[in-house]
Amino acid sequence: TAAIRQFRFDQVVDTRSIVLEIDRLGKSINLMSTTIEHFLQMIGSLAEEKELDVLLSKVAAETRATSGADAALLLLFSEDRAVLEVRSLSAGDGA
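Worth saying up front: this structure is predicted, and the values here are computed from it rather than measured. Every chain is numbered on its own, with residues counted from 1 as its sequence reads. Totals for whole chains, interfaces and linings use every residue, but because this is a predicted model, local features are given only for residues with pLDDT of at least 70 and side-chain atom pairs only at 80 or more, for both listing and counting. As a convention, hydrogens and water are excluded, and side-chain values are obtained from all of the structure's heavy atoms.

K.L.:
Whenever I open this one, the overall build of the chain confuses me. Can you help?
P.N.:
Looking only at helices and strands, one finds three helices and two strands in the chain. A helix here means a DSSP run of H or I that spans at least four residues, while a strand means a run of E at least two residues long, and both kinds are numbered starting from the N terminus. Along the chain direction, N to C, the helices and strands of the chain fall in the order α-α-α-β-β. A radius of gyration in this sense is built from C-alpha atoms; the matching globule rule multiplies 2.2 Å by the number of residues raised to 0.38. Relative to the compact-globule value of 12 Å for 95 residues, the chain shows a C-alpha radius of gyration of 18 Å, a clear excess of over 25%. Viewed in the frame of its principal axes, the chain has a C-alpha envelope of about 60 × 25 × 25 Å. Looking at the 95 residues of the chain, the share that counts as buried comes to 18%. Each accessible area is a Shrake-Rupley estimate made with a 1.4 Å probe; only the visible protein chains count as cover when residues are assessed. Of the roughly 7,200 Å² that the chain leaves accessible, carbon and sulfur atoms contribute 59%. The charge count includes Lys and Arg as positive and Asp and Glu as negative, but it does not include His or the ends of the chains. Lys charges are placed at NZ, Arg charges at CZ, Asp charges at CG and Glu charges at CD. Counting 10 positive and 15 negative side-chain charges, the chain places the centres of these two groups 8 Å from one another. To sort residues, take the accessible area from a 1.4 Å probe on protein chains only and compare it with the maximum for the residue type: under 20% means buried, over 50% means exposed, and anything in between is partly exposed.

K.L.:
Any chance you could explain a nonpolar patch on the surface here in plain terms?
P.N.:
Taken together, L73, L75, F77, L84, V86 and L89 make up a surface patch of nonpolar side chains, about 570 Å² in accessible area. Sorting the residues of the nonpolar patch by element identifies β1 (71-77) and β2 (84-91) as the ones contributing at least two each. By the secondary structure assignment, L73 is in strand β1. With relative accessibility at 47%, the residue L73 sits in the partly exposed group. Within the patch definition used here, like charges are joined within 9 Å and nonpolar side chains (Val, Leu, Ile, Met, Phe, Trp, Tyr) within 5 Å, considering only residues with over 30% relative accessible area and no salt bridge. Note on definitions: salt bridges are taken to be side-chain nitrogens of Lys or Arg within 4 Å of carboxyl oxygens of Asp or Glu.

K.L.:
I'm lost on helix α3 (residues 52-67) in this one. Help?
P.N.:
Helical periodicity: at 3.6 residues per turn, an α-helix aligns residues three or four positions apart in one direction. Each helix should span, by expectation, one fewer than its residue count multiplied by 1.5 Å. Compared with an ideal rise of 1.5 Å per residue, which puts 16 residues at 22 Å, α3 spans 22 Å between its outermost C-alpha atoms and is within 8% of the ideal. Those residues of α3 that fall on the buried side of the exposure criterion are L56, A60 and R64. Seen end-on, α3 carries its buried residues on one side only, within an arc spanning 65 degrees. Packed against the buried residues of α3 are β1 and β2. Along the arc lie the directions from the helix axis toward the C-beta atoms. Residue contacts are defined here by distance: any two heavy atoms, one from each residue, within 4.5 Å place the two residues in contact.

K.L.:
What exactly am I supposed to notice about the environment of E37 here?
P.N.:
Relative to the helices and strands, E37 is located in helix α2 (residues 20-48). Along the sequence, E37 and Q11 sit 26 residues apart, while their C-alpha atoms lie 9.5 Å from each other. Once you skip the residues sitting within four places of it in the chain, E37 turns out to touch F9 and D10.

K.L.:
I'm lost on the pairing of β1 in this one. Help?
P.N.:
Remember that side chains alternate between the two faces of the sheet whenever the strand is regular. The rule for pairing is simple: two strands pair if DSSP sees at least two bridges between them. Summarising the sheet, β1 and β2 pair through seven bridges and their orientation is antiparallel. Counted as the bridge partner of L73 is L89 from β2. Taking the residues that link successive antiparallel strands as the turn, the β1-β2 hairpin has six residues, and the phi of R81 there is positive, at about 60 degrees.

K.L.:
I tried to follow the environment of L75 on my own but got confused; where do I start?
P.N.:
Locating L75 in the fold gives a position in strand β1. Residue class for L75 comes out partly exposed when judged on its relative accessible area of 39%. As for L75 and V86, which are separated by 11 residues in sequence, their C-alpha atoms are 4.6 Å apart. Each residue touching L75, except ones within four places of it in the same chain, is listed here: L84, E85 and V86.

This is how it looks when you write it as structure tokens:
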């Protein structure tokens, strides 16, 4: 649609059809648009964050929520790159 070509993903496309494939395509386009709009908003929010620990916490939470996972864990190398360290954990209970 024109909205997608213009990178406007905040609009719902009404494509109800008696043809099953067209109906499914319309639903897929709406899901894709919603997901892209969410990612664009998330990118804007993350770009404004100045504190690394807060940023990592947001990334873990958004990754968990977007993927539908029970938890997300972020690991970063230590300064000497000798070991991986847990930097952020997001669990379904908001931890």
